[in-house]
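# An overview of the molecular structure
This is what each chain is made of:
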Amino acid sequence: MSIFPRISLKPEVTEYLKSVFLNKEVLTAVGHQEAEHRFHKLLSCLSHPPSYTCVRASTHLAPLEEIRQQLAEELRKLMCSSSAEEVSVQILPHPRIADVLILPVEGPRPVKQLGSEVVVGAQCGGAVLRGAHVFAPGILGSPKYMKAGDLVSVFSDLEGKCTRGATSFRGKKVFVGNGVAEMDRSTIFCTDEPARGIGIRMVEPLYRSPSFDGVLPSLAFLQNLPSVVVGHVLGPRPGERILDMCAAPGGKTCHIAALMGDQGEVVALDRIRNKIDRIRQNAQMLHLQSVKAHCFNSTLAVSSDPAQETEGPPFPPESFDRVLLDAPCSGLGQRPNMGSTWSLKEICSYQPLQRKLFHAAVRLLKKGGVLVYSTCTVTLAENEEQVAWALDTFPCLSLVPQEPHIGAEGMPGAGLPPEQLRLLQRFSPELSWEQTETTAPLPCRADSDTIGFFIAKFLKN
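This write-up is about the structure you can find in this document. (Residues numbered from 1 in each chain as written. Predicted model: local features only at pLDDT ≥ 70, side-chain atom pairs only at ≥ 80, totals over all residues. Heavy atoms only, no water.)

Now for helix α3 (residues 32-46). The end-to-end C-alpha separation of α3 is 21 Å, in line with the 21 Å expected for 15 residues at 1.5 Å each. Residues Ala35, Phe39, Lys41, Leu42, Leu43, Ser44, Cys45 and Leu46 constitute the buried set of α3. (Helix = DSSP H or I, 4+ residues; strand = E, 2+ residues; numbered from the N terminus. Expected span 1.5 Å × (residues − 1). Buried < 20%, exposed > 50% of the residue type's maximum accessible area, 1.4 Å probe, protein only.)

Following this line, the structure appears as structure tokens:
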């Protein structure tokens, strides 16, 4: 159900995406009217949250049903403490993925706007729509005399035009719910140190989903469904040595280690130091010993010395049984995303880096090994075109079937034949947008109402 405007993009980016979704191969396959309809549905669904929250359960530590019951009890206690009404929590196992629990999101709800307005950044507004409170760094503007305890309406700035510290804002904005100020305006904007912690506690969000802050941190991990699917598609086995090339914040790394029963080695690389600390914290929290995280640029991860025996990077060629390349990308599949200020140049800047990473990945993979490439974007250039390029550049690579395959097939437009498109997995929420009503059983809509995401699985022959 559309209640928000379509995602706000620079006109040049909108035109670029339109040329992608109305490319000649798509027009031949589905016709101009259907292609244009899908494109407009994509712009609408990207600004709205999925109709459920996905939780990856730590089934390496406890059975799924036990985690489900513990989670229901913890969330019930949490929600009852902030509501006078008796609260029931619905948590369902995913019908095909054995370590996933899904919780329905209630919304859009009839919430009345108040006179006092707080403006937050688009990223912060998106987090609120998925159950978060408003943290102080995300607040851009507030009433001049706002005090802790004041009831306020929270609006998301669509175009990034609200200046920090504003007392009013007349630009494009969208209402996301009501909350209670936890801080005075002076604490948020007028201190020497940047304010931290919750600035607005949401009490009447437009979309209600549980806040997981501090809830069963070792047993329940918030993760988008396609991101969980990636770990299963990679198919890690106990005793293997696996590389996660762009690993931060470590959700997929830890999932791989859990699927291996924590037996073997999962090497996690990322080029940003504090992100490596986050990976290590996540692994420790999930009681995983097999994760080895290093701060390193993965494009340089292949050693020129084949006899090198060091534990960390760079590594000799053919060092790993499986490689996950969850590549840096334009992120245009993320939901909800009400607005992006990126230029077309920025959107198109990722392809060369992805190809450098691909070169390193293929060299580091053993013969007979598996390489999984994934992104959270919707462009052809970063998805199907990269697959076509990889198959052309590396004759040793071939596409292989994915399990589970719960998304759609690849999108035409990169010259790949139908049999290869069927081996790809593209999560395309626009295909079911406004068709799958939220009254439909949750498991029926979970696989289609996702973020936009792409997965390709290769075998090195």
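The rest of the description comes next.
Attention now goes to the pattern of salt bridges. Overall, the coordinates contain 21 salt bridges when judged by the stated rule. A salt bridge links glutamate 65 to arginine 68, with the nearest nitrogen and oxygen atoms 2.9 Å apart. Residue glutamate 65 and its partner arginine 68 are located together in helix α4 (residues 64-81), separated by 3 residues, close to a single helical turn. For glutamate 65, a relative accessible area of 39% translates into the label partly exposed. The class for arginine 68 is partly exposed, based on a relative accessible area of 24%. Across the pair arginine 76 and glutamate 73 runs a salt bridge whose closest N-O atoms are separated by 3.2 Å. Of this pair, arginine 76 and glutamate 73 both sit in helix α4, 3 residues apart, which is roughly one turn of that helix. (Salt bridge = Lys/Arg side-chain N within 4 Å of Asp/Glu carboxyl O.)

The next thing to look at is the side chain of asparagine 224. Mapped onto the elements, asparagine 224 comes out in the loop between β10 (220-222) and α7 (225-234). Side-chain polar atoms of asparagine 224 contact the side chain of arginine 130, separated by 2.9 Å. (Polar contact = N/O pair within 3.5 Å; in protein donor to acceptor, adjacent residues only side chain to side chain.)

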